[in-house]
Amino acid sequence: MAEIYYDKDADLSLIQAKKVAVIGYGSQGHAHAQNLRDSGVEVVIGLKDGSKSIAKAEEAGFEVKTVADAAAWADVIVILAPDQYQRHIYAESIKDNLAQGDTLVFGHGFNIRFGYIEAPEGIDVVLVAPKAPGHTVRREFVAGRGIPDIIAVEQDASGTAWELTKSYAKAIGGTRAGVIKTTFTEETETDLFGEQSVLCGGVSQLVQYGFETLTEAGYQPQIAYFEVLHELKLIVDLMWEGGIAKQRWSVSDTAEYGDYVSGPRVIDPSVKENMKAVLDDIQSGAFAKRFIADQDAGAPEFLALRAKGEQHPIEVTGRELRALFAWNSSDDDDYVDGEVAR
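Keep in mind it's a predicted model, so treat the numbers as computed, not measured. Counting from 1, residues in each chain are numbered in the order their sequence is written. Residues qualify for local features only when their pLDDT is at least 70, as the model is predicted, and side-chain atom pairs are given and counted only at 80 or more; totals for whole chains, interfaces and linings, by contrast, use all residues. Computation of side-chain values: all heavy atoms of the structure, hydrogens and water removed.

*Asks:* Is there a simple way to explain the pairing of strand β2 (residues 19–23) in this structure?
*Replies:* The two faces of a sheet get side chains in turn, since along a regular strand they alternate between them. Exposed residues in this analysis have more than 50% of their type's maximum accessible area, buried residues have under 20%, and partly exposed residues fall in between, with area computed by a 1.4 Å probe over protein chains only. Helix and strand definitions here come from DSSP, where helices need a minimum of 4 consecutive H or I residues and strands a minimum of 2 consecutive E residues; each element is numbered from the N-terminal end. In terms of residue burial, β2 counts as a mostly covered element, since four of its five residues are buried. Paired strands, as defined in this entry, are two strands with at least two bridges between them according to DSSP. As defined by bridge partners, β2 adjoins strand β3 (residues 42–46) across five bridges and the pair is classed as parallel. Bridge pairing in β3 places Val20 opposite Val43. The definition of a right-handed crossover adopted here requires that, viewed with the strands pointing away, the path from the first strand over the helix to the second runs clockwise. Note that the unit made of β2, helix α2 (residues 27–38) and β3 has a crossover that is right-handed. Examined bridge by bridge, β2 and strand β5 (residues 76–79) share four bridges and lie parallel to one another. Paired with Val20 across the strands is Val76, a residue of β5.

Right under this line is the structure:
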């Protein structure tokens, strides 16, 4: 049975006694920083010179330092930059500014699990990973609720790393919902697998194949879009609320029967074998090596795949439809439909 911690299990005063540097002010960075500050924690933001996030952090009332200065100042350094940049930031600006007794906090275990960052002795290395995008982490905190977190300790030099980790999770609202104990390895491998096989890769490919099957059979692309993409949110919301069972209870008998007899025809046992192969690549480090090598080369494969995906006919149809209907709204200022500000 999983170990789950709540507010009563965490001492907020532990993180309140620390000076915290949040490195990065993106989706997770802004949420962690603002929630920590609202919980009475002293926080500065560490960003590289010229970062576009400096203005956002200063507008939110934070002091912004260089990453090196922030790391030297802090007792707790929270590394929330994208995975592919973390090892460079660590080597160039954090490693030489660590002191005995400091704590490194990660929001994802990638760089520790695959050895791209190796912390020295005398430093606690911990994980606090909210299971939602940063905007949701912040919104739920402000509303008096929280997002479940996954927490882990890779290196407990102080002997008190677990207590500080729970305290940190409480400060960002995680213990309001529940915090699950895990390991860096379990968090990293399951997170990558879930993204690639189901949540991102699996769903995206399934939706595209469904759209292609209908349009190639002569059906209108607009109708196909509604049937295989738009209504997906309704189904996922039901699953989120009560599992697959509630989804099946909520839809028509026709849909439920089709689920049972046709689902296994589309997602047959060969798909599970393919998933196992994906998991093997994650566990062996092959995926990490491929991703990092491509990023180090300027991301040619990544950018080519992104461009190809953005040109798929379902994206063209979706942009046209969303411009005509009023159902779709977003509070993400960084996203413009059809064009991402990167």
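*Asks:* Explain the side chain of Gln28 here, please?
*Replies:* Here Gln28 is to be found in helix α2. Two residues qualify as a contact provided that any one of their heavy atoms is within 4.5 Å of a heavy atom in the partner residue. Those residues in contact with Gln28 that lie beyond four places of it in its chain are Leu80, Pro130, Ala132, Pro133, Gly134 and Val137.

*Asks:* Quick question: what am I supposed to make of the packing of aromatic side chains here?
*Replies:* Two descriptors summarise a pair of aromatic rings, namely the distance from one centre to the other and the angle between the planes of the rings. When two rings of Phe, Tyr or Trp (its six-membered ring) have centres within 6.5 Å they constitute a pair, described as stacked for plane angles under 30 degrees, edge-to-face for angles over 60, and tilted for the intermediate range. This model, assessed by the stated rule, comprises eight aromatic pairs. On the basis of an interplanar angle of 85° and a centroid distance of 6.2 Å, the ring pair of Phe110 and Phe291 is categorised as edge-to-face. Placement of the pair is Phe110 in helix α6 (residues 110–113) and Phe291 in helix α16 (residues 286–296), with a sequence separation of 181 residues. By relative accessible area, Phe110 is classed as buried at 1%. Between Phe226 and Phe325 the ring centres are 5.9 Å apart and the planes differ by 85°, which places this aromatic pair in the edge-to-face class. Of this pair, Phe226 sits in helix α12 (residues 221–230) while Phe325 is found in the loop between α18 (313–324) and β10 (335–336), placing the two residues 99 residues apart along the sequence. You can call Phe226 partly exposed: its relative accessible area is 22%. Judged by its relative accessible area of 42%, Phe325 falls in the partly exposed class. A connected cluster of aromatic rings, assembled from ring pairs, spans Phe110, Phe114, Tyr116, Phe287 and Phe291.

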